[in-house]
Amino acid sequence: MKLKWTLFIGIILLTIGIILRVITNLSYVPVLFIIVGVLFKTYYVIGKAKKGEYKPGYELIFLFIGLLMLLSGIYLSAQELIFKPFFLVVIGIVFKVIFVILFIVNIRSHRKNIEIESEL
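In this text, all values refer to a predicted model and were calculated from it rather than measured experimentally. (Residues numbered from 1 in each chain as written. Predicted model: local features only at pLDDT ≥ 70, side-chain atom pairs only at ≥ 80, totals over all residues. Heavy atoms only, no water.)

A. View of the overall build of the protein chain. Helix and strand counts for the protein chain come out as 4 helices and 0 strands. Its helices and strands in sequence order give the protein chain the pattern α-α-α-α, from N to C terminus. Overall, the protein chain is about 60 × 25 × 15 Å in size when its C-alpha atoms are taken along their principal axes. Across the 120 residues of the protein chain, 28% fall into the buried class. Put simply, of all contacts in the protein chain between residues at least 6 apart along the chain, 66% involve residues at least 24 apart. Split by element, the accessible area of the protein chain, about 8,400 Å² in all, is 73% carbon and sulfur. If you average the places of the 13 positive and of the 6 negative side-chain charges in the protein chain, the two averages end up 8 Å apart. (Helix = DSSP H or I, 4+ residues; strand = E, 2+ residues; numbered from the N terminus. Buried < 20%, exposed > 50% of the residue type's maximum accessible area, 1.4 Å probe, protein only. Contact = heavy atoms within 4.5 Å. Areas by Shrake-Rupley, 256 points an atom, 1.4 Å probe, with all protein chains shown as cover. Lys, Arg positive; Asp, Glu negative; His and termini not counted. Charge placed at Lys NZ, Arg CZ, Asp CG, Glu CD.)

Okay, here's the thing in structure tokens:
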């Protein structure tokens, strides 16, 4: 698929944003990298759905919760709180990884179903 580059660019930008957020005192640049990375990855998922290669399901819940927790943790890291917002970031990343795994399983099972139907 021609859209794979958007997925990889999104992952790279997201990773750069998280690393910049952790190792620098910059406030807006890392968040900009993260948001643009998320947009690239979203474009990839929507492209897969439009082509019929992906049928959205319950795994989107993991994506939305993961994004919410990740962005909340990043935002709250500038605040003085009783708990460490880093845990929100880690849990958000875990939810996003779960989404990616379920996304891949969904695409592969959908591809197998198409192959089986074409053989009949």
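B. Expanded view of the pattern of salt bridges. Evaluation of the coordinates by the stated rule reveals 1 salt bridge. Among the ionic pairs, Glu53 bridges to Lys48, the shortest N-O distance being 2.7 Å. (Salt bridge = Lys/Arg side-chain N within 4 Å of Asp/Glu carboxyl O.)

C. Region of the structure containing helix α3 (residues 59-76). Taking 1.5 Å of rise per residue, the 18 residues of α3 would be expected to cover 26 Å, and the 26 Å separating its terminal C-alpha atoms lies within 8% of that figure. Among all positions in α3, only Glu59, Leu63, Gly66, Leu67, Met69, Leu70, Gly73 and Ile74 are buried. (Expected span 1.5 Å × (residues − 1).)

D. Structural detail: the packing of helix α1 (residues 4-23) against helix α2 (residues 28-50). One can describe the packing of α1 onto α2 by two numbers: an axis separation of 7 Å at closest approach and a directional angle of 160°. Taken together, the axis directions place α1 and α2 in an arrangement best described as roughly antiparallel. Where α1 crosses over α2, the two elements pack in a sense that is left-handed. (Axes fitted to C-alpha atoms, helices over the stretch in contact; angles between N-to-C directions. Parallel < 35°, antiparallel > 145°, perpendicular 65-115°, else oblique. Left-handed = near helix turned anticlockwise from the far one by under 90°.)

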